[in-house]
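Structural features, examined
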Amino acid sequence: PGQAPDRRIVPDYDINDYKAKTELTADKLFTTLTAALRSYQQLRNLTDTRRGLERIIGAAADLFGRTSAPLLSRSTLEQLGDILGATSADAILVLRKGEDTTVLAGTGCYSGSEGLTLSSVSELVRARLLNLLDGKTHELDSMPLGIRIETVAGVDAALSLDIGRELTEVERKLVELFASRLPVAFDNVLLHEALQDANARLEERVIERTAELTAANERLGAQRAMLRRANAFKDEVLGKVAHDLKNPLGVILGRAEILSDLLDETPVPVD
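**A word on the overall build of the chain**
Broken down by element type, the chain carries five helices and four strands. Overall, the chain shows an N-to-C arrangement of helices and strands of α-α-α-β-β-α-β-β-α. Here the C-alpha atoms of the chain give a radius of gyration of 46 Å, more than 25% beyond the 18 Å that 2.2 N^0.38 yields for 271 residues. Projected onto the principal axes, the alpha-carbon positions of the chain cover approximately 175 × 55 × 30 Å. When the 271 residues of the chain are sorted by exposure, 26% land in the buried category. Taking the intrachain contacts of the chain between residues at least 6 apart in sequence as the baseline, contacts between residues at least 24 apart amount to 53%. Summed over its atoms, the accessible surface of the chain is roughly 18700 Å², and 56% of this surface lies on carbon and sulfur atoms. Distance between charge centroids for the chain: 7 Å, based on 33 positive and 42 negative side chains.

Below, the structure written as structure tokens:
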């Protein structure tokens, strides 16, 4: 006693409390340990939350850098598994367009199912995914957890992920935060794909139109050449006809002038 006064010990050392031995009754010892364990749990939750937020921030940069729905779906499953500390979990993500529902990405037991229809998965998982697509909320209270992704473009997606245990409260909040970013990422990718398709169709139309104009120019060039030949042939024919008719016409015109002069005489001479 007196060798470690609390005014010097508490500021100099990384401790949360200071109790003299004579102060610790059974009740106070229980209270002190309970408070210490609760503080430790809160610190762990804060640490887990900070790490989860760091992962979500990193995942957002990766998600918004994707330019196709399959790549985005694959990255979504990988990032979600990383946030929950289960990188090799069984996960599947499907996309519904109109009446068609297609598997975009799968990990674990669903690896290799990309591009297949929803009928390729088990009936239980298929029913869970259809419920998610038809519902409005996530299913995070049981395993496998389910996330629904409703895009502004009117395309719905859903994913199912099984990590083999229930989510903690911190993990549930992190998953909800991560899921809230997914619709924007999918809208971004779908709009990018639509723009690419529009550009591809525009390029095809430009190529087709260019080919049509080239063919039209070639036809006009051929017609122009034909007109030149026809015009040259016409000049040639007219020249020959004029030459052949010049002498007979000269005789006819001369006789016509003589007849005209005779008709002008009074009286008209009779031969």
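**Some details on helix 3 (residues 69-83)**
Between its first and last C-alpha, helix 3 extends 21 Å over 15 residues, near the 21 Å set by a 1.5 Å rise per residue. Taken residue by residue, helix 3 has A69, L72, S73, S75, T76, L77, Q79, L80, G81 and I83 as its buried positions.

**Comments concerning the sheet that holds strand 1 (residues 90-97)**
Ordered by their spatial adjacency, four strands build an open sheet running 2-1-4-3, and the pairing between neighbours is antiparallel. With one partner strand each, in any of the chains shown, strand 2 (100-107) and strand 3 (145-150) form the two edges of the open sheet. Direction aside, the axes of adjacent strands within the sheet are offset by 15° on average. Note that strand 1 and strand 2 share seven bridges and pair antiparallel. Counted as the bridge partner of R96 is T101 from strand 2. In this fold helix 3 packs onto strand 1, strand 2, strand 3 and strand 4 (156-162), with an angle of close to 45° to the strand it touches most, strand 2. Sheet strands in contact with helix 4 (residues 123-134) are strand 1, strand 2, strand 3 and strand 4, and its direction is about 135° off that of strand 4.

**Let's talk about the pattern of salt bridges**
Under the criterion given, the structure shown has eleven salt bridges. With its nearest N and O atoms 3.0 Å apart, the salt bridge here joins R148 to E150. Under the relative-accessibility criterion, R148 is labelled buried at 7%. Taking the shortest distance from any N to any O, the salt bridge between D156 and R148 comes out at 3.4 Å.

**Quick word on the side chain of R96**
With respect to the helices and strands, R96 occurs in strand 1. Reaching out from R96, the side chain makes a polar contact with the side chain of D134 at a distance of 3.1 Å.

**Some thoughts on the pairing of strand 1**
In terms of burial, strand 1 is a largely internal element, six of the eight residues being buried. Here strand 1 folds back onto strand 2, and the loop between the two strands holds two residues, one of which, G98, carries a positive phi near 65°.

**As for a nonpolar patch on the surface**
Taken together, the side chains of V10, Y13, I15 and Y18 present a nonpolar region at the surface, about 340 Å² in accessible area. Secondary-structure assignment places Y18 in the loop between helix 1 (6-12) and helix 2 (26-63). Overall, the relative accessible area of 31% leaves Y18 in the partly exposed class.

**Description of the nonpolar core**
Considering soluble globular proteins, one finds that nonpolar side chains tend to be buried as a cluster. In this structure, L80, L145, I147, L159 and L161 are the most contacted members of the largest nonpolar core, which totals 35 residues. The set of elements that each furnish at least two residues to this core consists of helix 2, helix 3, strand 1, strand 2, strand 3, strand 4 and helix 5 (169-264). Looking at which element gives the most residues to this core, the answer is helix 5, with ten residues. Each residue touching L80, except ones within four places of it in the same chain, is listed here: L145, I147, L159, L161, V175 and F178.

**Examining the pairing of strand 3**
Summarising burial for strand 3: five of the six residues are buried, a large majority. Relative to strand 4, strand 3 is paired through six bridges, and the arrangement is antiparallel. Looking across to strand 4, one finds that G146 is bridged to S160.

**Regarding the confidence of the model for the chain**
Mean pLDDT over the chain works out to 80, with 92% of the residues at or above the 70 mark. Considering each helix and strand of the chain separately, the mean pLDDT is smallest for helix 5, with a value of 80, and largest for strand 4, with 85.

**Details of the environment of L133**
Structurally, L133 is set in helix 4. In this structure L133 touches V94, R96, T101, R148, D156, A157 and A158, once residues within four positions along its chain are discounted.

Conventions used here
Residues numbered from 1 in each chain as written. Predicted model: local features only at pLDDT ≥ 70, side-chain atom pairs only at ≥ 80, totals over all residues. Heavy atoms only, no water. Helix = DSSP H or I, 4+ residues; strand = E, 2+ residues; numbered from the N terminus. Rg over C-alpha atoms; globule rule 2.2 N^0.38 Å. Buried < 20%, exposed > 50% of the residue type's maximum accessible area, 1.4 Å probe, protein only. Contact = heavy atoms within 4.5 Å. Areas by Shrake-Rupley, 256 points an atom, 1.4 Å probe, with all protein chains shown as cover. Lys, Arg positive; Asp, Glu negative; His and termini not counted. Charge placed at Lys NZ, Arg CZ, Asp CG, Glu CD. Expected span 1.5 Å × (residues − 1). Pairing = 2+ DSSP bridges. Axes fitted to C-alpha atoms, helices over the stretch in contact; angles between N-to-C directions. Salt bridge = Lys/Arg side-chain N within 4 Å of Asp/Glu carboxyl O. Polar contact = N/O pair within 3.5 Å; in protein donor to acceptor, adjacent residues only side chain to side chain. Patch = residues over 30% accessible without salt bridge, like charges linked within 9 Å, V, L, I, M, F, W, Y side chains within 5 Å. Core = buried A, V, L, I, M, F, W, Y, C linked by side-chain atoms within 4.5 Å. pLDDT = per-residue confidence, 0-100.

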